[in-house]
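Commentary on secondary and tertiary structure
What follows is each chain in one-letter form.
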Amino acid sequence: MALDAPLAALERHCGLARGHGRFFLNAGAFIGLMVISNALEEELYTNLPGFDYFKAVACLELATFAAAALLAERRSGLKTPRKAPLAFYAVLGASMALSQTLGKLANKYVNFTVSTIFKCSKALPTMALMVLCGKRYTLANVAAALTMALSAFCFAVGARQADADFNFLGVLLNGLYLLFQALQVALQDSALRDHGASIDETMLYANAIGLAALGCWALGDGELIAAISFFAARPNAVLLLAARNGTFYFAVRYYTAVVKDAGGVAAVTVGIVRKILTVICSLLLFSKPWANIYGVGGLLFAAALAQESRNARTREKLQHSRSSSDLADDEESPPPPAASPARRSPRID
């Protein structure tokens, strides 16, 4: 990698452990790009006169990630048969298209800060759905999710009290967004665990099918053609949309690098910093009527994020202790006898 030598020099100069320089680069890039992406998105929804093309924005997002997944599969050179059935991906793609569209459309009726807090509350409906699928959660995880949901409730109440443009439909759309997001997470988990699909396969089929469904919807009601005409007449709006989509895509890439290189706890911590900065920038850069209950919602938001960070550290310690226990058991037990070459399983190419 071209950055390996400069990063190694930076780590030596700052006294950092090996690999920490790359972590800070990836984490900083993710946070910066995501905050910029959210600010550009709010600018698009709030300050672009005549904008009413939320499905078109969702289509562009789905197309970007479908193309990226296709490119990743082509680069890998591996031609493996599809693992999950098409009907499964059809449901996943539909839930992805609906969640992306409804989450964006909600910004038409409530301010961006309220929608952002709602999007941070997706853990609660996801937990509820995963419990129905047999998964269990600790009380601490449930408490963090409930606290975040209470924060979203406070911000919704505050917006209703202070914002003349508030429409309860925005809260309803955000609620539906959370439900479809929960379904999306459960189906993605099933694709990876139960069907053995790769991440690239899941992303390719889900985004492509979601794009096809949403594209037909937007084409049928005329929004897609109207959006093309709208942006064709406004080059600055095209640049704004492209910058928002590009920063979002690369932010996701850097976040993936954080998860891969530093693990779940670091990723949760980085995500928490991103959420805090996104809300702060939304309140500072875009004027909104103030309600005192926003202060209560902000405290609950901070408490929920602190609990999320603590839960992540607890999970890591538990996993580490289990790994140490398994290693100790392996050291105490005698090694298994070596397999005879004649009895080894044949290699399948």
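Cut-offs applied
- Residues numbered from 1 in each chain as written.
- Predicted model: local features only at pLDDT ≥ 70, side-chain atom pairs only at ≥ 80, totals over all residues.
- Heavy atoms only, no water.
- Core = buried A, V, L, I, M, F, W, Y, C linked by side-chain atoms within 4.5 Å.
- Buried < 20%, exposed > 50% of the residue type's maximum accessible area, 1.4 Å probe, protein only.
- Helix = DSSP H or I, 4+ residues; strand = E, 2+ residues; numbered from the N terminus.
- Contact = heavy atoms within 4.5 Å.
- pLDDT = per-residue confidence, 0-100.
- Salt bridge = Lys/Arg side-chain N within 4 Å of Asp/Glu carboxyl O.
- Disulfide = S-S within 2.5 Å.
- Phe/Tyr/Trp six-rings, centres within 6.5 Å; stacked < 30°, edge-to-face > 60°.
- Lys NZ or Arg CZ within 6 Å of the ring centre and 35° of its normal.
- Axes fitted to C-alpha atoms, helices over the stretch in contact; angles between N-to-C directions.
- Parallel < 35°, antiparallel > 145°, perpendicular 65-115°, else oblique.
- Left-handed = near helix turned anticlockwise from the far one by under 90°.
- Nonpolar A, V, L, I, M, F, W, Y, C, P; charged D, E, K, R; others polar.

Comments concerning the nonpolar core
In this structure, V114, I117, F118, M148, V171 and F301 are the most contacted members of the largest nonpolar core, which totals 21 residues. Those elements that place two or more of their residues in this core are helix 5 (112–119), helix 7 (139–162), helix 8 (168–193), helix 12 (264–285) and helix 13 (293–332). Residue contributions to this core peak at five residues, all from helix 7. Those residues within four positions of V171 in sequence are excluded, and the remaining contacts are V110, F118, A156 and F166. L44, V57, A227 and L241 belong to the second-largest nonpolar core, a separate cluster that totals 16 residues.

Considering the confidence of the model for the chain
For the chain, per-residue confidence averages 81 on the pLDDT scale, and 83% of positions sit at 70 or higher. Of all secondary-structure elements in the chain, the lowest mean pLDDT belongs to helix 1 (residues 4–14), at 49, while helix 10 (residues 223–232) reaches the highest, 94. Confidence over residues 13–17 falls short of pLDDT 50; this stretch has four contacts with residues more than four positions distant or in other chains. In the predicted structure, residues 333–349 sits below a pLDDT of 50 and forms one contact with residues beyond four places in sequence or in another chain.

What about the pattern of salt bridges?
Pairing of side chains with opposite charge becomes possible as their charged atoms draw close. For the coordinates displayed, the defined rule picks out eight salt bridges. Between K55 and E223 there is a salt bridge whose closest N-O contact spans 2.8 Å. On the criterion of sequence distance, the pair formed by K55 in helix 3 (residues 54–76) and E223 in helix 10 is long-range, its members being 168 residues apart. Overall, the relative accessible area of 11% leaves K55 in the buried class. Between E61 and R244 there is a salt bridge, with its nearest N and O atoms 2.7 Å apart. Remark: R244 occurs in helix 11 (residues 235–262) and E61 occurs in helix 3; sequence separation between them is 183 residues. One continuous salt-bridge network, built from bridges that share partners, spans E41, E61, K104 and R244.

Comments concerning the environment of A140
Relative to the elements of secondary structure, A140 occurs in helix 7. Each C-alpha atom of the pair A140 and N311 lies 6.8 Å from the other, and the pair is 171 residues apart in sequence.

Looking at the state of the cysteines
A complete count under the given rule lists zero disulfides for this structure. Lacking any disulfide linkage, C59 is separated from the closest cysteine sulfur, that of C216, by 9.3 Å.

Section: the packing of aromatic side chains
Given two aromatic rings, one states the distance between the centres and the angle between the planes to describe the pair. Taken as a whole and judged by the stated rule, the model has 17 aromatic pairs. When the ring of F65 is compared with that of F248, the centres are 5.8 Å apart and the planes differ by 75 degrees; the resulting orientation is edge-to-face. Of this pair, F65 sits in helix 3 while F248 is found in helix 11, placing the two residues 183 residues apart along the sequence. Side by side, F65 and F248 carry an identical accessibility label, which is buried. Aromatic ring contacts, followed pair by pair, group Y45, F51, Y53, F54, F112, F230 and F231 into a single cluster. A cation over a ring is seen here: K55 above W217, with NZ or CZ 4.9 Å from the ring centre.

So, the packing of helix 4 (residues 86–105) against helix 9 (residues 199–220)
Angle between the axes and distance between the axes: these two values describe a pair of packed helices. Close contact between helix 4 and helix 9 brings their axes to 7 Å; oriented N to C, the two are set at 60 degrees. The angle between the axes of helix 4 and helix 9 places the two elements in the oblique class. For helix 4 against helix 9, the interelement crossing comes out right-handed. Contact residues: L86, Y89, A90, L92, G93, M96, A97, L98 and T101 in helix 4; E201, T202, Y205, A206, N207, I209, G210, L214 and W217 in helix 9. Its residues placed into classes, the contact of helix 4 with helix 9 shows twelve nonpolar, five polar and one charged.

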